[in-house]
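Architecture and fold: a report
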Amino acid sequence: MSHIAFHRMTILVALLFAGPLVVPDLAHAHGAGWQLEDRHDAATYRFSYTDGSAMAFAEVVVTAPDGKIWQKARTDRSGRFSIVTEIDNAAPETEPASTWQIRVNDGMGHVVQVTHQPKPANDSTAMPSPGERDELTGTTALIDMPIWASVVFGFSLLLNLYGVIYYRQQRRKENITPA
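Calculation notes
Residues numbered from 1 in each chain as written. Predicted model: local features only at pLDDT ≥ 70, side-chain atom pairs only at ≥ 80, totals over all residues. Heavy atoms only, no water. Phe/Tyr/Trp six-rings, centres within 6.5 Å; stacked < 30°, edge-to-face > 60°. Helix = DSSP H or I, 4+ residues; strand = E, 2+ residues; numbered from the N terminus. Buried < 20%, exposed > 50% of the residue type's maximum accessible area, 1.4 Å probe, protein only. Expected span 1.5 Å × (residues − 1). Core = buried A, V, L, I, M, F, W, Y, C linked by side-chain atoms within 4.5 Å.

As a further point, take the packing of aromatic side chains. What the rule picks out here adds up to four aromatic pairs. Note on Trp-70 and Trp-100: the rings are 5.1 Å apart at their centroids and 70° apart in plane angle, and the pair reads as edge-to-face. Within this pair, whereas Trp-70 is found in strand 4 (residues 69-74), its partner Trp-100 is found in strand 7 (residues 100-105), the two being separated by 30 residues in sequence. Trp-100 gets classed as buried once you look at its relative accessible area, which sits at 16%. Of the aromatic side chains, those joined through ring pairs into one cluster are Trp-34, Tyr-45 and Phe-47.

This is the structure:
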């Protein structure tokens, strides 16, 4: 009797872990990334998920080259955030180009980091036009999973593998045993 109960419990647990993989409406896993939309006097970044929806009202933290937090803000409802692209000419010519870090966090596990390098005010090089960069740069869905979800997914795979092996062994025993 305990053999049958264990067998049924194994199948029940396997179905419990496999259920979310079968029902696509319940699984909303996706990555996040950024897209440069405009580079005239301000760089406008659009932060969005890989399914195309915007990272609306996500927290933005801009860190200066010296490591200090320069600005805290939020993206707009379209997932956009703008930052000035030209730096003042007061900086010495020998100083290396400064890079700013932009970190966007939606509070649900999606974090996007962008390195922004402003151009000097006297630099007349052409910047990319808004249409030149249409691809989304960022993380994929598997990398974007929280660590606890990866652990649960791994245990689910192992448990399902164990269940399949156990089920096949029991079927072989039933076929070998004379009736």
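Let us keep going from here.
Turning to helix 2 (residues 147-176), a few remarks are in order. If you check helix 2, its first and last C-alpha atoms are 44 Å apart, about what 30 residues at 1.5 Å a residue would give, namely 44 Å. If you check which residues of helix 2 are buried, you get Ala-149, Ser-156, Gly-163, Tyr-166 and Gln-170.

Moving on, we come to the nonpolar core. Counting residues in hydrophobic clusters, the biggest one holds 19 residues, and the most contacted among them are Tyr-45, Phe-47, Met-55 and Ile-102. Counting only elements with at least two residues in this core, the list comes to strand 1 (32-39), strand 2 (42-49), strand 3 (59-63), strand 5 (80-84), strand 7 and strand 8 (111-116). Residue contributions to this core peak at four residues, all from strand 2.

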